[in-house]
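Survey of secondary and tertiary structure
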Amino acid sequence: MGSEGPKSVKINVTGFKKFHGVDANPTETIVKNLKNYVESRGLPPGVTLGTCAVLETAGDGAVSELYKVLDSGISRGTNSSNEKVVWLHLGVSNGALKFALERQAVNEATFCSPDELGWQPQQLPIILGDGGISQTRTTYCSIEAILEILKRKGYDANISNDAGRFVCNFVYYHSLMFAEQKGHKSLFVHIPPFSRVDEETQMQFIVALLEAIASTC
């Protein structure tokens, strides 16, 4: 019984490429630079940064690529049973002044503009057979505790109950379902553009967020 060893936490992170109205997505920059940034600063013992992937800002046409990324975050090996796996998805909210921890996703795709592959659904269920478009899936991350840690460190953040109905919500819904099936956790966080909160501050925030997620798992 005592041979199992302490639990460790692996956090996988995604961002998005450009999309309509956002030619330079800050989440792409953050995710591409995150591994080097974390290596220079370090994470608490037992916490590792796993997959860092930039997703196409698209819904149905990019689902197969999304699941390849999600599969890449699954630990395979003799110690995988001792490792908790968390998916952290980042998306930009152009008008935002603060960070938003998204509590849930809704099984509805209603895109205000076409995605990067030209798809523009209206009131379609994201996953057929998973209830109607009012069906929701909620994160198992302890977002109230995560928020409290971030606020103690001086970050302006809140909890949101509406991730929209665009690609962010689309990806989050798939990820929440995948996480539930695999015994993982998933969290989506909307960030402001760099014009509102500078890049270095946002990188520091993401590291603080990784630490907060790990400490509350």
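The structure presented is a predicted model; accordingly, all values stated were derived computationally and were not measured.

**Overview of the nonpolar core**
- One finds I11, V13, L88, I146, L187, V189 and L209 to be the most contacted residues of the largest nonpolar core, which totals 66 residues.
- A total of ten residues in this core trace back to one element, the largest contributor, which is helix α5 (residues 199–216).

**What about the packing of helix α2 (residues 63–72) against helix α4 (residues 167–182)?**
- Two elements in contact, α2 and α4, have axes separated by 11 Å at closest approach and are oriented at 45 degrees. On the basis of their axis angle, the class for α2 and α4 is oblique. You can see that α2 and α4 cross each other, and the crossing is right-handed. Residues V63, L66, Y67, L70 and D71 of α2 form the contact with α4, whose own contacting residues are F170, V171, H174, S175, M177 and F178.
- Split by residue class, the contact of α2 with α4 holds eight nonpolar, two polar and one charged.

**Considering the state of the cysteines**
- Tallying each qualifying case throughout the model produces zero disulfides.
- Looking at C52, it has no disulfide partner, and the nearest cysteine sulfur is the one in C217, 16 Å off.
- Using a relative accessible area of 23% as the deciding quantity, one classes C52 as partly exposed.
- C168 provides the cysteine sulfur closest to C112, a residue in no disulfide bond, and the two sulfurs are 10 Å apart.

Conventions and cut-offs
Residues numbered from 1 in each chain as written. Predicted model: local features only at pLDDT ≥ 70, side-chain atom pairs only at ≥ 80, totals over all residues. Heavy atoms only, no water. Core = buried A, V, L, I, M, F, W, Y, C linked by side-chain atoms within 4.5 Å. Buried < 20%, exposed > 50% of the residue type's maximum accessible area, 1.4 Å probe, protein only. Helix = DSSP H or I, 4+ residues; strand = E, 2+ residues; numbered from the N terminus. Axes fitted to C-alpha atoms, helices over the stretch in contact; angles between N-to-C directions. Parallel < 35°, antiparallel > 145°, perpendicular 65-115°, else oblique. Left-handed = near helix turned anticlockwise from the far one by under 90°. Contact = heavy atoms within 4.5 Å. Nonpolar A, V, L, I, M, F, W, Y, C, P; charged D, E, K, R; others polar. Disulfide = S-S within 2.5 Å.

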